[in-house]
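Chain by chain, the residues:
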Amino acid sequence: MIVKLVVSRIALAVVTLVTVSALIFAFAEILPGDIAARVLGRETTEEQRQLFRERLNLDRPFYERYGTWLKGSLQGDLGRSFVNGQPTRVLVEERAKNTFSLAAYAFVLYVPATLLLATVAALFHNRVPDSVISILTLASLSLPEFVLGTALMFVFAVTLPLFPALSFTDPSMSFGERLQAMTLPAVTLAVVMAGYAVRMLRDSLIGVLDSDYVRMAMLKGVPRRRVVLRHALPNALGPALNVTALNLTYLIGGVVIVEQVFEYEGLGKLLVDAISNRDTPVVEAIVLLAAAVYILANLIADVFALLLNPRLRTG
Amino acid sequence: MTGRVGWRVPTRRLPTTLRVGGTILIGFFLVALTVPLWAPYSPVETVALPFKGASLDHPFGTDVLGRDVFTRVAYGTRIDLLLSLTSTVIAVLLGAVIGLASGYIGGWFDNVLMRAFEAIVSIPLLILALLVIAAAGPQYSGSLLLLTAVVVLVYTPRVARISRAVAVDLVTRDFLTVARSRGESTWSITRRELAPNASGVLLVEFGVRAGYAPILIGSLAFLGFGVRAPTPEWGLIISENRAALATTPVVVLAPAAVLAILIISLNLATDGLARYLGRTAVRTP
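Residues numbered from 1 in each chain as written. Chains lettered and ligands numbered in written order. Predicted model: local features only at pLDDT ≥ 70, side-chain atom pairs only at ≥ 80, totals over all residues. Heavy atoms only, no water.

Another aspect to go through is helix α4 (residues 62-74) of chain A. All names here are of chain A. A rise of 1.5 Å per residue sets the reference length of α4, with its 13 residues, at 18 Å; its end C-alpha atoms lie 18 Å apart and thus fit the reference within 8%. Of the positions making up α4, those classed as buried are R65, Y66, W69, G72 and S73. One side of α4 holds all its buried residues, which, seen down the axis, span an arc of 130°. Opposite the packed face of α4, turned more than 90 degrees from it, sit the exposed residues Y63, T68, K71 and L74. Count one or two residues on from α4 and you reach G76, which has phi positive near 85°. (Helix = DSSP H or I, 4+ residues; strand = E, 2+ residues; numbered from the N terminus. Expected span 1.5 Å × (residues − 1). Buried < 20%, exposed > 50% of the residue type's maximum accessible area, 1.4 Å probe, protein only. Arc of directions from axis to C-beta.)

Structurally, the position occupied by I238 of chain B is in helix α8 (residues 234-241). In this structure the C-alpha to C-alpha distance between I238 of chain B and L259 of chain B, which are 21 residues apart in sequence, comes to 9.7 Å. When neighbours within four sequence positions are excluded, I238 of chain B is seen to be in contact with F146 and V147 of chain A together with V252, P255, A256 and L259 of chain B. (Contact = heavy atoms within 4.5 Å.)

On average, residues of chain B score 87 in pLDDT, and 94% of them are at 70 or above. Confidence metrics for the complex model read pTM 0.88 and ipTM 0.86. (pLDDT = per-residue confidence, 0-100.)

Let's shift gears to the packing of helix α5 (residues 88-123) of chain A against helix α6 (residues 128-142) of chain A. All names here are of chain A. Two elements in contact, α5 and α6, have axes separated by 7 Å at closest approach and are oriented at 135°. Judged by the angle between their axes, α5 and α6 are oblique. At the point where α5 passes α6, the crossing takes the left-handed sense. Together, L117, V120 and A121 of α5 and P129, D130 and I133 of α6 make up the contact between the two elements. When its residues are assigned to classes, the contact of α5 with α6 shows five nonpolar, no polar and one charged. (Axes fitted to C-alpha atoms, helices over the stretch in contact; angles between N-to-C directions. Parallel < 35°, antiparallel > 145°, perpendicular 65-115°, else oblique. Left-handed = near helix turned anticlockwise from the far one by under 90°. Nonpolar A, V, L, I, M, F, W, Y, C, P; charged D, E, K, R; others polar.)

A few words on the interface of chain A and chain B. Taken residue by residue, the interface counts 43 residues in chain A and 40 residues in chain B. Counting each side, the surface lost to burial between chain A and chain B is near 3,800 Å², with a carbon and sulfur contribution of 80%. One can count zero salt bridges joining chain A with chain B. Scanning the region where chain A abuts chain B turns up one residue pair in polar contact (both at pLDDT 80 or more). At the level of elements, α1 (2-30), α6, α7 (145-159), α10 (224-261), α11 (267-276) and α12 (280-308) of chain A are the ones that each hand at least two residues to the side of chain A that touches chain B. (Buried area = accessible area lost by both parts, 1.4 Å probe. Salt bridge = Lys/Arg side-chain N within 4 Å of Asp/Glu carboxyl O. Polar contact = N/O pair within 3.5 Å; in protein donor to acceptor, adjacent residues only side chain to side chain.)

As structure tokens, then:
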């Protein structure tokens, strides 16, 4: 039963991924009309454009081109960049490493910050620390990432020169230097993610702290710290875990802006540059990768939910 | 969700968050409507030296071209409110019609449509917006029409999925079976049964989406794919002035604060509305 459900979820994920790939291809190559004119500019001659089309097989019908592109993508061949002729895969792989390390760093900051702030807010429910945390989380939810990043840069790179304002990294840097360069963008991402999660976890923790079993534990003399950490927190995590799954998918989009703010050489910056340069194969590859990560994250969350909650298995 | 509801006028006391958020929003609307009557300068003309700090003449300072930032922000209210609200209204109406119809009709039509929307939603919001802008090509870059279309395209599938879930829940209800057995037409059922019962969810959805639209539009401007200079749009104003952050912080911080106040008031109003209607305001991916 459960195996069948999991297999059907995986099949659905594959169907979605193929549909997305068709959608991306349609947006990037069919809708814009003449790609040759778009890429080369209108001031080129007809012969130049014809040569460009032939070289890239743009004169073939779209379903044939989509087939070739999809087959190539499955085998890891994402075509070549229009701009510098390098294989797209090499460009994307290198940047993907940077982006994934930034995302991982942000996540490492986000989890303990969320737990700590939400617990403090719940324990000081409706008192000063709770109000302060509530205002901070509201602010983090109401500011676009580029404003938040700029503000952090102003405080921690300009006023107090603790971190570099722009996050240049290169392979010769030590781990510590890299970490220092990546701190401000990672903090920006973590702050935005925590804004949501702290509010959810605080509300759910207040509910649990008010429950009979927590009161019972208090009455029988269990130390307060143990009540909070062992009894209340694990039971309050459910809603916050949902938000964390949402946050993972948020990260994929959020990095685009944060990388631009701090000029960090990741996928997001590559995407923005590729759109400006009309470098269609690179745009396609990055969007497909983003969608694939999203679908995979959701698939994992779905399967976990099925394993953890038997009630979901009946549908 | 409780039993059937018809169209009704609020009678209970409105929550404080809705009152506060709503009052600030009305203030923004008044600014947008009346700004040409009282704005001290032109939003696009040089009126002083560049990057002057805050003063009585220039409360938000002046930007790199010596334009008055306060005037630009005041005029920006028009652009940001117009873009955000128009596109969100269109997206919510379009998404509601598609979603409710799809959920009500069901069958293969519903299946195919929802698979397609599932695929669209699996491209992260901002990246989908960038893909649409890339597809439109450089000749449309910066046009208000393209930006509206981008927000509509990005929001509609998300709204449709939520409306569809509401419709799927409603078709099993007794009052709908009763309406059908009374012989009501599909149009009449949509209007009298589906629409009023989905209106709460849709209002909250509208608030949540409207609260994110200015962030999306501003972020696109920051990335260089939003409205074009010299249009006074808040996101563009902030990113234009970013270079002066260390020397004259007010030219960046003041527009950022105004943008934050708009979004906070939209979120407060939505929160109050959701509480009034007995729902929770959650932004789905």
